[in-house]
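Examination of the molecular architecture
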Amino acid sequence: MSEDVKVENKEQPESGKETVSRNFIEQLIDKDLAEGVYERVHTRFPPEPNGYLHIGHAKSILLNYGLAKQYNGQFNMRFDDTNPTKEKTEFVESIKEDIAWLGADWEDRLFFASDYFDEMYEGAVKLIKKGKAYVSDLTAEQMREYRGTLTEPGKDDPSRDRCVEENLKLFEDMKNGIYKDGEKVLRAKIDMKSPNINMRDPIIYRVAHMAHHNTGDKWCIYPMYDFAHPIEDAIEGISHSICTLEFEDHRPLYDWVVRELEYPHPPRQIEFAKMYLTNVVTGKRYIKKLVEDGIVDGWDDPRLVSIAALRRRGFTPESIKLFVDLCGVSKSNSSVDYAMLEYCIREDLKLKKPRMMAALDPVKLIIDNYPEGQTEMLTVSNNMENEEMGTREVPFGKELYIDREDFMEEPPKKYFRLYPGNEVRLMNAYFVTCTGCVKDEDGKVVEVHCTYDPETKCGTGFTGRKVKGTIHWVPADSAVKAEVRLYENIIDEEKGVYNEDGSLNLNPNSLTILKECYLEPALAEAKAYESFQFVRQGYFCVDCKDSKPDALVFNRIVSLKSSYVLPK
């Protein structure tokens with residue numbers, strides 16, 4: 001997964017100390033600092049506000065922020081908002097919330113590409129004056145024809161040799177709204193025969209009569225991403241522009257822009273591999289369609305892997321950071337099993353969260369010989385693996401709820417829970433022996449009856465006999481009723497992500513809603529985003545969107561067990 005390379009510490013290591021593992025990005029930064037190319041490290045995260053961020057973006061955020069912290073440098077948050085046709089303030093706010101939640105602190109360095117539109121315009125004028133840019137009349141279709149292919153060079157634009165004065169006048173007319181969308185573009189004059197298609201006179205400005213979320217109606221021309229992005233980095237003094245591999249072929253263009261515009265300290269661009277998860281949907285157009293078709297209830301639907309969705313489902317910043325660390329930094333693309341992400345959230349929650357009792361498919365258990373009207377408080381450990389989390393008191397009485405799967409009239413071999421004549425322990429309570437059940441007219445069990453042995457109270461030192469089964473329970477008269485949502489992958493894993501026509505292979509069982517679940521009373525005060533382990537069921541989080549104080553909704557974050565084994 002990782003292409004980390006062992007290099008020696010700069011300082012002499014103490015006896016018995018291992019050498020530090022440095023990934024290829026750290027090695028390049030070390031070299032730049034040692035050679036005086038840059039005095040300090042300055043990184044940034046530059047998303048386009050045209051959708052919600054997903055788990056892959058988390059890697060870039062944490063990598064860029066982590067490098068700045070590691071080298072005592074600075075980290076900028078900057079929106080590459082050069083395309084008003086797709087950008088929304090909603091996306092800006094969601095991205096800011098995601099990055100802050102992950103713990104990447106940009107301090108007072110929040111920027112927008114649109115903050116620099118004036119300087120970008122002046123940069124374009126400078127290129128025209130240097131004979132390095134020209135206004136083109138070609139349509140989009142003609143532009144494609146002239147561009148050439150991977151094996152054939154492009155052809156010169158008929159407008160390529162326009163004089164500087166005419167280009168300046170046409171570009172000003174573009175800015176002043178004289179032309180319609182698509183009627184004129186400004187192109188960089190580089191090399192139409194370049195083997196790198198990105199260098200074949202790329203468009204650097206286009207006409208777009210659209211209001212911008214940040215600049216309003218000030219502009220009707222907007223810079224292209226490949227022109228704007230390197231200028232933004234140069235203006236902000238970014239030392240190392242860390243980006244994903246698909247931008248490697250764009251690097252010569254970025255270097256050309258900052259060189260021709262004569263910025264004194266251009267950034268070094270370093271590319272790393274994206275993080276791909278198996279059987280998940282990250283493409284913005286696919287998620288947008290899922291939202292528009294009502295298949296999910298928004299960009300933060302817990303079945304998605306947007307950062308907002310993971311947060312809503314109950315994942316923690318710590319679990320995502322662990323996941324990113326385990327994936328490592330590589331120069332070659334590879335896929336990571338979604339089960340690794342689930343492993344990380346289990347690892348993070350197992351010692352932090354209280355273990356509560358919940359009956360998700362409840363059936364009433366009646367203890368016939370327990371005193372009528374009596375309630376006693378039983379002491380329960382909050383987390384058996386972490387004694388520091390202490391204990392709580394849970395009420396116990398004659399009528400309880402248990403999970404339906406904990407009773408069978410005719411059990412198979414090696415079934416150690418309740419069945420007629422069998423004795424089990426009620427967790428943290430007493431031994432009970434099943435005496436029978438009551439069914440409704442459809443044959444469904446509605447009550448299970450038993451008797452209890454008062455001598456077997458948990459914690460009394462009883463050793464008279466042992467039982468093989470222990471089941472959890474919830475007191476019926478004080479139980480909290482709640483809705484619980486169980487999730488599976490939104491993609492049908494056996495069929496793969498896409499159908500032949502490009503549509504998604506959706507899993508019809510990706511969401512199961514249980515309307516009548518009963519939880520122990522302490523959960524009545526649970527607040528949005530709070531998470532718990534439900535005994536034997538998994539980890540659950542209070543839904544931040546639909547849960548209300550009198551109608552709690554819990555999302556299952558992850559089940560308790562998995563066959564997944566962490567790669568060595």
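The structure reproduced in this document is the subject of the present report. (Residues numbered from 1 in each chain as written. Predicted model: local features only at pLDDT ≥ 70, side-chain atom pairs only at ≥ 80, totals over all residues. Heavy atoms only, no water.)

1. What to know about the overall build of the protein chain
Stated precisely, the cut-off is as follows: We count a stretch as a helix when DSSP gives it H or I for four or more residues in a row; a strand needs E for two or more, and each element gets its number in order from the N terminus. What the globule rule says is 2.2 Å times the number of residues to the power 0.38, and the radius of gyration is computed from C-alpha atoms. For each residue, the accessible area found with a 1.4 Å probe, counting protein chains only, is set against the maximum for its type, and the residue is called buried under 20%, exposed over 50%, and partly exposed in between. Here, two residues are considered to be in contact whenever any of their heavy atoms come within 4.5 Å of each other. All accessible areas in this document rest on Shrake-Rupley with a 1.4 Å probe, and a residue is counted as covered only by the protein chains that are shown. Lys and Arg are tallied as positive, Asp and Glu as negative. Neither His nor the chain termini are counted. Positions of charges follow a simple convention, taking NZ of Lys, CZ of Arg, CG of Asp or CD of Glu.
Looking only at helices and strands, the protein chain features twelve helices and 29 strands. Radius of gyration (C-alpha) of the protein chain: 31 Å, far over the 24 Å computed for a compact globule of 568 residues. Oriented by its inertia axes, the alpha-carbon framework of the protein chain measures out at about 100 × 65 × 45 Å. Across the 568 residues in the protein chain, those meeting the buried criterion constitute 52%. When contacts within the protein chain are restricted to residue pairs at least 6 apart in sequence, those whose partners lie at least 24 apart make up 69%. Accessible area for the protein chain stands at about 27,500 Å²; split by element, carbon and sulfur atoms hold 48% of it. Separation of charge centres in the protein chain, based on 77 positive and 100 negative side chains, amounts to 2 Å.

2. A short note on the nonpolar core
Rule in force here: Among buried residues, those of type Ala, Val, Leu, Ile, Met, Phe, Trp, Tyr and Cys that are joined through side-chain atoms within 4.5 Å constitute a nonpolar core.
The biggest cluster of nonpolar side chains holds 42 residues, and the ones touching the most others in it are Ile 55, Ile 99 and Phe 323. The biggest single contributor to this core is helix H12 (residues 338-349), with seven residues. Setting aside its immediate chain neighbours within four residues, Ile 55 contacts Met 275, Leu 277, Val 305, Ile 307, Leu 310, Ile 320, Phe 323 and Leu 341. By size, the runner-up hydrophobic cluster in this structure holds 35 residues, among which are Phe 117, Met 120, Ala 228 and Ile 231.

3. Focus: helix H6 (residues 164-175)
How we decide: Residue count minus one, scaled by 1.5 Å, sets the expected span of a helix. The directions considered for the arc are those from the helix axis to the C-beta atoms.
The first and last C-alpha atoms of H6 sit 16 Å apart over twelve residues, in line with the 16 Å expected at 1.5 Å per residue. All buried positions along H6 are accounted for by Asn 167, Leu 170, Phe 171, Asp 173 and Met 174. The arc enclosing the buried residues of H6, seen along the axis, measures out at 155 degrees, which places them on a common side. Next to the buried residues of H6 lie helix H4 (117-129), strand E6 (133-136), strand E7 (185-188), strand E8 (203-207) and strand E9 (221-223). Positioned one or two residues after H6, Gly 177 has a phi angle of 80 degrees, which is positive.

4. Structural notes on the packing of aromatic side chains
The relative placement of two aromatic rings is captured by the distance of their centres and the angle of their planes. What counts here: By convention, a stacked pair of Phe, Tyr or Trp rings (six-membered ring in the case of Trp) has centres within 6.5 Å and planes under 30 degrees apart, an edge-to-face pair has planes over 60 apart, and any other such pair is tilted. Charge over a ring is defined by NZ of Lys or CZ of Arg lying within 6 Å of the ring centre and within 35 degrees of the ring normal.
By the definition in use, this model includes 23 aromatic pairs. Judged by centre distance (5.9 Å) and plane angle (80 degrees), the ring pair of Tyr 52 and Phe 91 falls under edge-to-face. Separated by 39 residues along the polypeptide, Tyr 52 in the loop between strand E3 (42-45) and helix H2 (55-70) and Phe 91 in helix H3 (residues 89-102) bring together distant segments of the chain. The residues Tyr 52 and Phe 91 share a single accessibility class, namely buried. The structure contains a cluster of three or more aromatic residues connected by ring pairs, namely Phe 117, Tyr 121, Phe 171, Tyr 205, Trp 219, Tyr 222 and Phe 227. The ring of Tyr 179 has Lys 184 lying over it, and the distance from NZ or CZ to the ring centre is 5.2 Å.

5. Brief notes about unusual backbone geometry
Peptide bonds are mostly trans, and most non-glycine residues show a negative phi. In this structure, Glu 262 is a non-glycine residue whose phi angle is positive, near 60 degrees. Position of Glu 262 among the secondary structure elements: in the loop between helix H8 (251-260) and strand E11 (268-272). With a phi angle near 70 degrees, Arg 536 is a residue other than glycine that sits in the positive phi range. In this fold, Arg 536 is placed in the loop between strand E27 (531-534) and strand E28 (538-542). Judged by relative accessible area, Arg 536 falls into the partly exposed class, the value being 32%.

6. Points about the pairing of E8
Put simply, the rule reads: Only when DSSP finds a minimum of two bridges between them are two strands counted as paired.
By the criterion of burial, E8 is predominantly enclosed, with four of the five residues buried. Inspection of the sheet shows E8 paired to E9 by three bridges, in the antiparallel sense. Directly across from Val 207, in E9, lies its bridge partner Ile 221.

7. Some words on the sheet that holds strand E5 (residues 110-112)
The following threshold applies: Only C-alpha atoms enter the line fits that serve as axes; for helices the fit covers just the stretch in contact. Angles between N-to-C directions range over 0 to 180 degrees.
On the basis of which strands lie adjacent, the open sheet formed by three strands has the order E3-E4-E5 and parallel pairing. In this open sheet, the two edge strands, each paired with only one partner strand, are E3 and E5. Across the sheet, the mean angle separating the axes of adjacent strands is 35 degrees when strand polarity is ignored. Packed on one face of the sheet, H3 meets E3, strand E4 (74-79) and E5 and runs near 160 degrees to E4. This element, helix H7 (residues 225-236), spans E3, E4 and E5 of the sheet and lies at about 145 degrees to E4.

8. Focus on the environment of Ala 234
Here Ala 234 lies in helix H7. In this structure, the C-alpha to C-alpha distance between Ala 234 and Pro 267, residues 33 residues apart in sequence, is 6.5 Å.

9. Quick notes on the sheet that holds strand E20 (residues 423-426)
The strand order across the open sheet formed by seven strands is E23-E20-E21-E22-E16-E19-E24, and the pairing between neighbours is mixed. At either end of the open sheet lies a strand with only one pairing partner, and these are strand E23 (470-471) and strand E24 (474-475). Two elements, strand E21 (residues 431-439) and strand E22 (residues 445-453), share eight bridges in a ladder whose sense is antiparallel. Across the sheet, Cys 437 pairs through a bridge with Val 448, a residue of E22.

10. Let's talk about helix H9 (residues 284-292)
Within the span of H9, buried status applies to Tyr 286, Ile 287 and Leu 290. Down the axis of H9, the smallest arc covering the buried residues is 95 degrees, so these residues share one side. Residues of H9 that are exposed and point over 90 degrees away from its buried face: Arg 285 and Glu 292. Immediately downstream of H9, the backbone of Gly 294 shows phi near 75 degrees, a positive value.

11. Notes on the pattern of salt bridges
Condition: The working definition used for a salt bridge is a side-chain nitrogen of Lys or Arg within 4 Å of a carboxyl oxygen of Asp or Glu.
With the rule as written, the count across this model stands at 55 salt bridges. The shortest N-O distance in the salt bridge between Arg 22 and Asp 30 comes to 3.0 Å. Using a relative accessible area of 15% as the deciding quantity, one classes Arg 22 as buried. Of the charged contacts, one joins Glu 372 and Lys 398 as a salt bridge, the two residues approaching to 3.9 Å between their closest N and O atoms. Of this pair, Glu 372 sits in the loop between strand E16 (362-367) and strand E17 (376-381) while Lys 398 is found in the loop between strand E18 (391-396) and strand E19 (399-403), placing the two residues 26 residues apart along the sequence. By relative accessible area, which is 15% here, Lys 398 ends up buried. Connected through shared salt-bridge partners, Asp 297, Asp 300, Arg 312, Glu 483, Arg 485, Lys 515, Asp 543, Lys 545 and Asp 546 make up one network.

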